[in-house]
Structure formats: structure tokens, C-alpha cells
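Structural overview for review
One letter stands for each residue in the lines below.
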Amino acid sequence: MEHSGITKISTFIFSCVLIFGCINNKKLKKSVAKKPNIVQYRTPQFNADSAYSFIQKQVDFGPRVPNSDGHKKCGNYLVNTFQQYGAEVFLQEDVVQRYDGLDMYMKNIIASYNVDAYKRVLLCAHWDTRFMADYDTNKVNSPIIGANDGGSGVGVLLEIARQININPINIGVDIILFDVEDQGQPNSDSNIVKDSWCLGSQYWSKNPHEKNYFAEYGILLDMVGAENAQFTKEGASIYYAPKIVDKVWDIAHKIGFSSYFSLDKTAPIIDDHIYINNLIHIPTIDIVEYDINTHNKFNQHHHRHSDDIEIIDVKTLKAVGQTVLEVLYSEK
Ligand code: AHN
Ligand code: ZN
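Residues numbered from 1 in each chain as written. Chains lettered and ligands numbered in written order. Predicted model: local features only at pLDDT ≥ 70, side-chain atom pairs only at ≥ 80, totals over all residues. Heavy atoms only, no water.

A few words now on helix α5 (residues 199-206). Taken across its 8 residues, α5 has 6 buried, putting it largely inside the fold. Of the positions making up α5, those classed as buried are L199, G200, S201, Q202, W204 and S205. (Buried < 20%, exposed > 50% of the residue type's maximum accessible area, 1.4 Å probe, protein only. Helix = DSSP H or I, 4+ residues; strand = E, 2+ residues; numbered from the N terminus.)

Below, the discussion takes up the confidence of the model for the chain. Per-chain confidence: the chain averages 91 in pLDDT, with 89% of residues scoring 70 or above. Counted against residues more than four places away or in other chains, residues 1-35, with its pLDDT under 50, gives 1 contact. (pLDDT = per-residue confidence, 0-100. Contact = heavy atoms within 4.5 Å.)

Inspection of the region around ligand 1 gives H126, D149, E181, D182, D222, M223, I270, F298, H302 and H303 as its neighbouring residues. A distance of 3.1 Å separates a nitrogen atom of ligand 1 from a polar atom in the side chain of E181. Of the residues in the shell around ligand 1, the class split is 3 nonpolar, 3 polar and 4 charged. (Near = heavy atom within 4 Å. Polar contact = N/O pair within 3.5 Å; in protein donor to acceptor, adjacent residues only side chain to side chain. Nonpolar A, V, L, I, M, F, W, Y, C, P; charged D, E, K, R; others polar.)

Turning next to the nonpolar core. Among the nonpolar cores identified, the biggest contains 63 residues, and L123, I160, I175, F261, I287 and L328 are the most heavily contacted of them. Setting aside its immediate chain neighbours within four residues, L328 contacts V121, L123, I160, I164, I169, I171 and V173. (Core = buried A, V, L, I, M, F, W, Y, C linked by side-chain atoms within 4.5 Å.)

With that settled, the discussion passes to helix α3 (residues 69-84). Compared with the 22 Å implied by 1.5 Å per residue over 16 residues, the 23 Å span of α3 between its first and last C-alpha is a close match. Looking only at α3, the buried set comprises G70, H71, C74, G75, Y77, L78, V79, T81 and F82. Against the buried residues of α3 lie α2 (48-60), β1 (88-97), β2 (103-113), α4 (147-166) and β4 (172-178). Among the residues of α3, the N-terminal cap falls to S68, whose side-chain oxygen and the backbone nitrogen of H71 are separated by 3.1 Å. Just downstream of α3 lies G86, where phi reads positive at about 75°. (Expected span 1.5 Å × (residues − 1).)

Looking now at the environment of Q185. Note on placement: Q185 falls in the loop between β4 and α5. Residue classification places Q185 among the buried positions, given a relative accessible area of 8%. The spatial distance from the C-alpha of Q185 to the C-alpha of S196 is 6.0 Å, given a sequence separation of 11 residues. Not counting chain neighbours up to four residues away, the residues in contact with Q185 comprise Y99, R130, N191, I192, V193, S196 and W197. In terms of polar contacts, Q185 uses its side chain to reach the side chain of D189, at 3.2 Å.

In this section: the side chain of E326. For E326, the position within the fold is in helix α9 (residues 314-329). The side chain of E326 is buried and forms no salt bridge, while K254, the nearest opposite charge, is found at 5.2 Å. Setting aside its immediate chain neighbours within four residues, E326 contacts T43, I251 and I255. (Lys, Arg positive; Asp, Glu negative; His and termini not counted. Salt bridge = Lys/Arg side-chain N within 4 Å of Asp/Glu carboxyl O.)

This part is about the pairing of strand β8 (residues 284-288). Across the 5 residues of β8, 5 count as buried, placing the element largely inside the fold. Burial along β8 is two-sided: T284, D286 and V288 facing one way and I285 and I287 facing the other are all buried. As defined by bridge partners, strand β5 (residues 217-222) adjoins β8 across 5 bridges and the pair is classed as parallel. Residue pairing for β8: L220 is matched across the bridge by D286. (Pairing = 2+ DSSP bridges.)

Now the structure itself:
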């Protein structure tokens, strides 16, 4: 009998400690949660005419093939533009070898916003253009102008940078323009060289601009400017980052761009996101055009001289740019 009395008292004391402990704990959590100044900002309007003019500007430099004058001038223009839009810019410059041994001067351009924020999203595209027109019938060995393949992803990202600069955002954003994506080995070669594409993203993924760099997820933009483009759920994106694919496609559909963001799943492709996923392990998706009716399932002008400013449609730029902005500004 006496035992049960002692048990009751000790249970009471134990409960008091528990309750007190809980209250105390809650208080602590509350004061911690108050600390960061989280505001739900409204998503700015992506200006597709502005993005278009950024593509025109790149095209005006001519082909942006590594070692060329157009490449050098365009690289400087991109750095200056990001700085003008308030980004902290990091450069990675080195020499890398093409599949045939040619030395290529490489310049990866990284533009960061809210450098001290812990939560970060990575946005990327390649800015170089192809040295040859593999799929053309004439002037196969002349470089392409790459309005869509090279110009479009960069154009959308420059407009996003311009918007972030004038509209505060809660998270950190890193925009990386990879160099030397498009200098890979042509399909006609017989002695296959491994990993000949995406040399800039391979380089960065092995040596990021900041030690221990990490982002919660990444979005790669490639060939995002053609009229009526279809962006399917590309195989490697689904494999490495299924939640990010769903997040982006859900938002695209919610804000009215379901006619661009197809729910079809298509085969994996080799692009910069493969190396980011495999080497630095940031779950990264590729928003890239898919067209089953073309020579290589990308776009009818792919690696042809006809990939010029005329094939760019502001409506497609708007669909992609507004969707990515909505994704960024919905993060807390
Ligand atoms: C393939 O051609 C399979 N991958 C290269 C991806 C690419 C080229 N993106 C733009 N140009
Ligand atoms: Zn290409």
C-alpha cells in the first residue's frame, strides 16, 4: 500500500517535470522560429520581351565558340550584366581539352544572390555555341549561331537575375552559365571518346566555386525558346529528382502553361544535369525541348544554321521564365 503512495507522488513529480519540460521546449522553439525574417513575397512578372532582347544581344556577338572573339566578348557582356543586376559574380577560367585534343579556353560564370542564405536553389544553362553544324546539309564545319541552343537558356536566366535584383527573395539563388557544353564529339565519329559533352559542368561539379557548395535542388534550361516547344518529363530528371519535376510541372500547370509542360515521360538525355547529379549530387532537372518528329528528338533546327533569332518565340520564353520565377518565389 505504501508503495503505491510513493509511486503516485513520484509519478506526479515526473509529470510535472514532463509538462514543465514541454512548456519550456515550446517556448524555446517559438523564439528560434521567430528569428529569420520570412516574408511571403509576390512573384514578379517575367518580362519575355526583355529575355528576347538578351538572346538578340548574344546572337549579335556571332557564334560563341570557345577561343573565338564572339565567345570572349559575349563572356564579358554576361559578367558585366550580372554585376549590373546586383549579383556577386564568380568566374572559373581554365583550359580544357576537346575530344580531339584541341585546347579550349573555358569560362564558367556564376552569379549569386543572397550569398549568406542557407537554403539555395541552383539555376543553370550553357552559354557556348556549337563549333559545327552536324545536322545541316551545307557548311557543316561552320559554327552555328545558337539562338535557341545556348542563347535561350541564358536569355531567360538574365531576365530572372534582373527580376531578383529588383524584387527581394527569401532564399539564395545561384545562376551558373556553363561553358563548353556543346563542343562534344559528332555522332559520325567511330572511335568514341567518353564524356566529351558538358565539359564546363563536369569541371564545376568536380571543383565548385565554393568549398562544400550545396543547393537544395537545381533546374537546367536548354533549348527553351522555340515556338510551341514541348517540355516533357525527361528520364534522367525523373530518375534523379522526381519531386522537383513534379513541383515544377505542377506550378507550370497551375499558372496556365500546361500546353508547354507535357506530362509525357521521355528517354534520358546527356546534358549538364547528368554531371551535376552524378558528381556533386545536387538533384537537378532539365527543362529541355522534346520533339519526336525531328532528326534527334530535340528541335528541327538543332545543330543547324537555321537555329537563329527567327525561331525564338516570346510566348515560350514567358512560359518557362514565369514558371521558374514562381518556383523560386514560392520557396521560404
Ligand atoms: C546530345 O546531343 C545527346 N546531348 C547534348 C545535349 C545538348 C546539345 N544540348 C544542347 N546541345
Ligand atoms: Zn547543342
